[in-house]
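# Structural features, examined
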Amino acid sequence: MIGGVAWSTVGDLLLRHIYLAGVPLLLGLLISLPLGWLATRYRWLAPPMIAGTGLLYTIPSLALFILLPLLLGTRVLDDANVLVAMTLYSVALLTRTVADGLGSVPGATRQAATAMGYGELRRTFVVDLPLAVPVITAGLRVAAVSNVSIVSVAALIGVSQLGQLFTEGFNRNDMGPIFVGIGACVVLALVLDAGIALLSRVLTPWLRAGVAR
Amino acid sequence: MIRFESVTKRYPDGTTAVDDLSLEVPRGGITVFVGPSGCGKTTSLRMINRMVEPTEGRILINDEDVADRKPARLRRSIGYVIQHAGLFPHRTVLANVMTVPTLIGWDKGRARTAAMEAIEKVGLTADQASRYPAQLSGGQQQRVGVARALASDPEVVLMDEPFSAVDPLVRTDLQNEVRRLQRELGITVVLVTHDIDEAISLGDHVAVMRQGGHLAQLASPGELLTEPADDFVASFVGKDRGYRKLGFTETQVEADPERTVSLGEDVPAGRGWVLVADEQEQPLGWVDRQGSGGPVQEEELHRMGSLAEVGDSARVFLDAALSAPSGRGVVVQDGRVVGTVTPERVLEAIRAQGGSDG
Amino acid sequence: MIRFESVTKRYPDGTTAVDDLSLEVPRGGITVFVGPSGCGKTTSLRMINRMVEPTEGRILINDEDVADRKPARLRRSIGYVIQHAGLFPHRTVLANVMTVPTLIGWDKGRARTAAMEAIEKVGLTADQASRYPAQLSGGQQQRVGVARALASDPEVVLMDEPFSAVDPLVRTDLQNEVRRLQRELGITVVLVTHDIDEAISLGDHVAVMRQGGHLAQLASPGELLTEPADDFVASFVGKDRGYRKLGFTETQVEADPERTVSLGEDVPAGRGWVLVADEQEQPLGWVDRQGSGGPVQEEELHRMGSLAEVGDSARVFLDAALSAPSGRGVVVQDGRVVGTVTPERVLEAIRAQGGSDG
Amino acid sequence: MISLTWQWLVDPATWTGPGGIISQSITHLRISLVALLLAALVAVPVGLFIGHTGRGRWLAINLAGAFRAIPSLGVLFVATLLLLPRLSGNLAFELPVVLVLVLLAVPPVLSGTYAGVEAVDPAARDAARGVGMTEAQILWQVELPAALPLLLSGLRSAMLQIIATATIAAIVGIGGLGRYLIDGQASRQYEVMAGGAIVVALLALLVDLVMAGLQRLVVSPGLVVAKEH
Amino acid sequence: GGGEDPMDTGGDSDAGASGGDDAGSITIGSANFPENELLAEIYAAALSDAGVDVDTQLNIGSREAYIAGIQDGSIDALPEYTGGLATYLNPEITATSSEDVLADLQENLPDDLEVLEISDAEDKDSLVVTSETAEELDLTTIGDLEEHAGDLTLGGPPEFETRPNGVDGLQEVYGLEFAGFRSLAAGANLTVQSLANGQVDVANIFTTNPAIEENDFVVLEDPESLFAAQNVVPLIRADAVNPTIEETLNEVSAALNTENLTSMMVQVQTEGQDPAEVAREFVDENL
Ligand SMILES: Nc1ncnc2c1ncn2[C@@H]1O[C@H](COP(=O)(O)OP(=O)(O)OP(=O)(O)O)[C@@H](O)[C@H]1O
Ligand SMILES: Nc1ncnc2c1ncn2[C@@H]1O[C@H](COP(=O)(O)OP(=O)(O)OP(=O)(O)O)[C@@H](O)[C@H]1O
Ligand SMILES: [Mg+2]
Ligand SMILES: [Mg+2]
């Protein structure tokens, strides 16, 4: 027991939380990559695209959670609603990040790659994307952390995850579960954050190679 | 070998970067495009490998229109070096240099061997090959850029201000390196710079361009200095061009014999400036024996002027003569004193060669 | 006037940037600190206005230890110009230049007047004064940097590689501008560069430094070229130093009279190279009347070599002689031909001046 | 449903009156602005300090990350439980909400501020010191004005998040546009929810536009030109 | 839907008949207030003792939300209250006694839903005030509020504002018009706290809420029976019922009464015990 909550309950909720926050993060990244690429490739697309995805972020999460079933035809308590909503938020954050990341590739490097005889697609994968990793993972960290926080709102519509500890604790006038929930959320967010930071390090050995002697 | 036929490039914003340019870059040697900033050098260069497409006209390499070749393939067959090298920061030096060999489908072993060869050619070590670009100095990075352009043995290498971002001392090194490599490999180098000194010291052929991509003159450096085609070229090649053209004047200057003395040797007064050398006849400096005599002390030595090596250009000989405190330039061969020359003697030699058409 | 007394600077990471440096920057004129990258030039300069604090030793301006003055006040009394100008991007040119006058408490009207004066002095217009830095070219921005340093009439102006980020042509302009301003205002300029050519052409006094902030030689440019203190200085001042030192050799070269002909005039064969001039005796070019004769056609004209103006240095005279196709350099006064000189005549004059101590 | 939502939105009764969109928007904005102001009061000075001295950057990044990780709903509940018995009237509900929103806004404002100061051209900073500005003068006359674009975009993105999140105020019984979400959900009037969500998004956009206009006014044109080059 | 989710085993519409296991499986839901959650836990504990594969999805929200959930198959069953459900299904309802309400309820229940046997335990909506307010204004029945309502703020869950037997009913039946309604969405505790702290003057609270006793609140009588009988009853989707489930839930209903429910609520809300454990204890002792 911790804060009046069984460890196993915390564990179960944590797993659900990871699932509900993590899967959309990955899906969001997968969707943002081509979107961000389009925004860098076709300059005129960038402003409407960035503004459009940014608009998603202004929709209150609670509204999205509840309205999605109406739009998607899913069941009211379906996890899919939360997954889709969180994916939308992730896309909102990450499209800009991917565009920024691809835009951060030095022009000279890009030119050199073209001059070496890389086709556009190949260049995107072997030159642009690897170099965009630091920027993209920085955005991914923000998205991961926000996802963990936003998902907890889904407790208000009865989708269980750590946020459920908030409603339960509140209803019982007991701060124990709430603190357990907050603590678990923060720890989860920081672990995800650190994990992505680590991944970024692993993916960018050249950044740590030190500078010229 | 590379022929521009009435090539015009207008950018979408209306800038005419290159206007009806026709010229021929001869096979082999280094051809330098030089001109003031914004005159269309880079645009001209980049039309060769289709990084920029001409609006009108055509460009032929070995009589084949580049427009008929697939851009990516064309580019793989042409080396390309730019300022700051444009290396891929996420790849090791070796992987950078292996880029083109891999793109053209060589197997890994062959690509690796070719890359290592190119890396050695530009004077880098195997140890450096496994580093990332950021771990090298600017000059070394630029060398990697050159190696990358050479790795697949292209016939043509394009270079866009390759040395302008490095230290003046390193720049001289790199220039020598590129000249050596060009000679060794017999490739055709087209190089863009806005530095007329670099153009003159490096180019076998120099194309001076003026605003709007007009060709003002295409000539050898010596010709450029002697016979600038117009005021623009004359002012662009700048001051000191009389002196600089001596650099392209070969001379057989006959050195006058010069008796050297060694340190400690007693030299009487009245002998004027005396050249001091060591046992191997290597010059040490000048000592003034005008008013006073006595054994030659190390502290009395005046520093040498610049030295001329047998076979150097008239410029070096004249400078040696002008820079020596004695007015006599020291001429050496393999480091040993052969004799000295006065400025007058150098001038005579120049005249004899018809160097100033006098 | 500015005196370094055994100044040492060790950075917290252990780098000794400047080691026991003692030197004196004379009042007035331009003193240039020159040396290879990382030798401690910037550090030395910045210790003058306490942007960097010495670890040991002291620096005196007009016999007053800078350490006794409040850093901010000290800096307001000293102009400071850096590479890329370091302008405040959010302020107009005028506001940028008004910075120091405002800081030292001048009222707005006075600050404004002083700033406008400084802006005009560096050759910018009132229109440009109301622009933002980003709306100016690199060279213009650098001018604003200079104006900002001059606005409050400082006695001393420090400049750290002020021209190294601009185009070579613009650079020459700026150098001339700074030289002119220094002469006009009688200020003391301390300038840092790693370009020995700039140091020699700009400095009244040149301090050559070597790694670790050691002073290798402090001398006038001419002295530096004639008598480099050691191998390091000799190699640093580089090639052509015999020739370049002629730039500091004043000469009274007596020009030989030269008969000029005008366009259309019939000149018989056998006269060799003939100088063509217009009615005002302004030189037009050379025509070759060796093998064939006839009226002088404009198309036959060979371009002039460089021209020497009466009073120019030996370097200009020699170059005129060397660059002329006739082997005779054209000497002018107020644009009119006075005569010609042969290289030999120039050498004679140099010898006569004792220019090469011969 | 779309037509129902539309009907709800165009019904004048929806907009006017004590529970109407206009009055709820005003409440919503009031809470949001208070939160933004408080967040700015905390985060801007800290950001300036970090940017100017370069000290505590690591701490700031991680602190901002940790702040982002704190779930708003949990904080709202804890704060409500703690404050409800201790305060009276509306404040008992509003304070927890504002607290949540401040926590939400601190990370973007903080990182915007220090990133802005950090991005100031080192040459300009060096020149400022070199012409004899004191540290305070460098901060106020050079670093702050030059940091404004990033600082303000930090404020803008904070405000977007605040406006979207301020809807949770309705959970604890105060007004704002969240009412439409909560009450709409409770009574299964989804058109009210959808309409409410649209109004929130529109309000966010409107406020962003206003702030963009403000940014135009206060940011030196010199910086705008510089960015375009 | 959640098919890929390893944690989401229940919820399929055919769950009740699945798996060849006679006892079947079921997803129990609950509304977002503690008592309902407790009841759901009791159902879950009893069913799982009976060998049913039980999944829970608690704290769903208001009736409007969970009815939608049960109909679309997100959940299979949950504890309901006869009056509330009947009014929800038929806003025109006039019945107030337990039997009449049940009859009306069963009449209006959609074909896909069933209610099992009702229990004696009753949890009615009620209006409560603090004892100070009751004393000061001399209140015993809802009707006594009539002359004061204009100065008082009413608090309750958001749905109370729009339900026929909520704010509107109060006006129609008792002629009350309050100065304002404060919608308190975050569960009953918020309403209790708000009343206790004076942020609201009159609150809509369930009669079993232990906070009433703890805080010495006064429940105002409802002589006009605005709030209908509210017997606890299992609501279940027709295709999720099987004999084991029906029998077990009926046993639970038989064991429940208002007293033991209220005392369990004291354990949960006052003593802060885990509802699941309280439920387990109850099931172990009474079934
Ligand atoms: N993509 C482009 N779109 C529009 N104008 C361009 C573009 N690229 C170059 N220009 C313009 O074309 C002209 C020639 O440019 P180019 O880069 O070829 O000059 P350059 O001689 O290489 O100059 P530099 O020495 O500064 O590199 C310039 O006026 C330049 O501004
Ligand atoms: N803040 C610092 N901390 C540590 N070492 C420093 C610092 N600033 C300069 N150095 C080191 O001190 C030495 C002298 O630096 P300084 O900048 O004075 O050289 P410089 O002559 O101006 O070089 P450059 O021509 O490259 O500008 C160098 O080795 C440099 O790396
Ligand atoms: Mg160019
Ligand atoms: Mg420096």
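A quick note: this is a predicted structure, and the numbers were derived from the prediction, not measured. (Residues numbered from 1 in each chain as written. Chains lettered and ligands numbered in written order. Predicted model: local features only at pLDDT ≥ 70, side-chain atom pairs only at ≥ 80, totals over all residues. Heavy atoms only, no water.)

So, on to the overall build of chain D. Helix and strand counts for chain D stand at 11 helices and zero strands. In sequence order, the secondary structure elements of chain D are arranged as α-α-α-α-α-α-α-α-α-α-α. Taken along the three principal axes of its C-alpha coordinates, chain D extends 65 × 40 × 25 Å. Within the span of chain D, comprising 229 residues, buried residues form 58% of the whole. Within chain D, contacts between residues separated by at least 24 positions form 76% of all contacts whose residues are at least 6 apart in sequence. For chain D, the accessible area works out to roughly 9,300 Å², and carbon and sulfur atoms hold 71% of it. With 12 positive and 11 negative side-chain charges, chain D shows a separation of 5 Å between the mean positions of the two kinds. (Helix = DSSP H or I, 4+ residues; strand = E, 2+ residues; numbered from the N terminus. Buried < 20%, exposed > 50% of the residue type's maximum accessible area, 1.4 Å probe, protein only. Contact = heavy atoms within 4.5 Å. Areas by Shrake-Rupley, 256 points an atom, 1.4 Å probe, with all protein chains shown as cover. Lys, Arg positive; Asp, Glu negative; His and termini not counted. Charge placed at Lys NZ, Arg CZ, Asp CG, Glu CD.)

For the rest of this paragraph, the subject is the interface of chain E and chain A. The partner chain A presents 20 residues to the 33 residues of chain E that form the contact. Across the interface of chain E and chain A, roughly 2,100 Å² is buried in total on both sides, 49% from carbon and sulfur atoms. Across the chain E-chain A interface, the total number found is zero salt bridges. There are one residue pair in polar contact (both at pLDDT 80 or more) connecting chain E and chain A. Of all the elements in the fold, those that place two or more residues in the side of chain E that touches chain A are α1 (34-49), α2 (63-71), α8 (188-196) and α11 (258-270) of chain E. Of the residues forming the side of chain E that touches chain A, the biggest block, four residues, is contributed by α8(E). The residue makeup of the side of chain E that touches chain A, split by class, is 13 nonpolar, 15 polar and five charged. (Buried area = accessible area lost by both parts, 1.4 Å probe. Salt bridge = Lys/Arg side-chain N within 4 Å of Asp/Glu carboxyl O. Polar contact = N/O pair within 3.5 Å; in protein donor to acceptor, adjacent residues only side chain to side chain. Nonpolar A, V, L, I, M, F, W, Y, C, P; charged D, E, K, R; others polar.)

Take helix α1 (residues 7-41) of chain A next. Spanning 35 residues, α1(A) covers 50 Å between terminal C-alpha atoms, matching the ideal 51 Å at 1.5 Å per step. The largest bend in α1(A) amounts to roughly 30° and is located at S32(A), with the proline P34(A) lying one to four residues further along. (Expected span 1.5 Å × (residues − 1). Bend = angle between axes of the 7 residues up to and from the residue.)

The next point concerns the site of ligand 1. All names here are of chain B. Close to ligand 1 lie Y11, D13, T15, A17, S37, G38, C39, G40, K41, T42, T43 and E161, which account for all nearby residues. Measuring from an oxygen atom of ligand 1, one finds a backbone N or O atom of G40 at 3.0 Å. Within the side chain of K41, one N or O atom sits 2.8 Å away from an oxygen atom of ligand 1. Protein burial of ligand 1: of its 640 Å² of free accessible surface, 62% is covered by the chains. Among the elements that take part in the shell around ligand 1, helix α1 (residues 41-48) stands out by supplying three residues, more than any other. Classifying every residue of the shell around ligand 1 gives three nonpolar, six polar and three charged. (Near = heavy atom within 4 Å.)

Take the sheet that holds strand β1 (residues 2-10) of chain C next. Residue and element names in this part refer to chain C. With antiparallel pairing, four strands are arranged side by side in an open sheet as β2-β1-β4-β5. The outermost strands of the open sheet, each flanked by one partner alone, are β2 (16-25) and β5 (64-65). Bridge analysis of β1 against strand β4 (residues 56-61) gives five bridges, and the strand direction is antiparallel. Within β4, the residue paired with I2 across the bridge is I61. Sheet strands touched by helix α1 (residues 41-48): β1, β2 and β4. Its angle to β1, the strand with the most contacts, is close to 120°. (Pairing = 2+ DSSP bridges. Axes fitted to C-alpha atoms, helices over the stretch in contact; angles between N-to-C directions.)

Here the focus is the relation of the copies chain C and chain B. In the superposition of chain C on chain B (RMSD 0.3 Å, axial shift 0.1 Å), the rotation amounts to 179°. These values place the two chain copies in the arrangement generated by a two-fold rotation axis. Closest approach to the rotation axis within chain C is made by the C-alpha atom of E344(C), at a distance of 3.1 Å. A high fraction, 100%, of the interface residues of chain C reappear at the interface in chain B, so the copies pair face to face through one surface. (Least-squares fit on C-alpha atoms with pLDDT ≥ 70 in both.)

The next point concerns the domain arrangement of chain B. On domain assignment, one finds that chain B holds domain 1 (2-242) and domain 2 (260-353). Taking the mean C-alpha position of each, domain 1 of chain B and domain 2 of chain B sit 42 Å from one another. (Domains from an automatic or database assignment.)

What follows covers the interface of chain C and chain B. Every contact between the two is made by 40 residues of chain C and, on the other side, 40 residues of chain B. Roughly 3,200 Å² is buried in total at the junction of chain C and chain B, and carbon and sulfur atoms are behind 49% of that figure. With a shortest N-O distance of 3.2 Å, R351(B) and E344(C) are connected by a salt bridge. The tally of links from chain C across to chain B stands at 10 residue pairs in polar contact (both at pLDDT 80 or more). Those elements that place two or more of their residues in the side of chain C that touches chain B are α11 (231-237), α12 (241-245), α13 (314-323) and α14 (343-353) of chain C. Here the side of chain C that touches chain B takes five residues from α13(C), the largest share from any one element. When grouped by side-chain class, the residues that make up the side of chain C that touches chain B number 14 nonpolar, 12 polar and 14 charged.

Our next topic: unusual backbone geometry. Within the chain, E161(B) stands out as a residue other than glycine whose phi angle is a positive 45°. As for its placement among the helices and strands, E161(B) is situated in the loop between β7 (156-160) and α8 (168-185). Residue classification places E161(B) among the buried residues on the basis of a relative accessible area of 12%. Even without being glycine, S225(E) reaches a positive phi, approximately 50°. With respect to the helices and strands, S225(E) occurs in the loop between β9 (217-219) and β10 (232-237).

Residues and elements named next belong to chain B. Alignment of strand β17 (residues 329-333) against strand β18 (residues 336-341), held across five bridges, turns out to be antiparallel. Counterpart to G329 in the pairing with β18 is V341. Where β17 hands over to β18, the hairpin turn is made up of two residues, of which D334 adopts a positive phi near 50°.

So, about the arrangement of the chains. Contacts are most numerous between chains B and C, considering all six pairs of chains that are in contact. As for chain C relative to chain A, no contact occurs, and the smallest C-alpha gap between them is 13 Å.

Ranked by internal contacts, the top residues of the largest apolar core, which has 126 residues, are F65(A), F77(D) and I171(D). Looking at which element gives the most residues to this core, the answer is helix α6 (residues 91-118) of chain D, with 14 residues. Here F65(A) is in contact with N81(A), V82(A), A85(A), M86(A), I150(A), V153(A), A154(A) and I157(A), once residues within four sequence places are set aside. (Core = buried A, V, L, I, M, F, W, Y, C linked by side-chain atoms within 4.5 Å.)

So, on to the side chain of N96(B). Residue and element names in this part refer to chain B. In this fold, N96 is placed in helix α3 (residues 93-97). What makes N96 buried here is its relative accessible area of 0%. There is a polar contact of 3.3 Å between the side chain of N96 and the side chain of R148. The residues touching N96, leaving out its near neighbours within four places in the chain, are L87, F88, R91, P133, V144 and R148.

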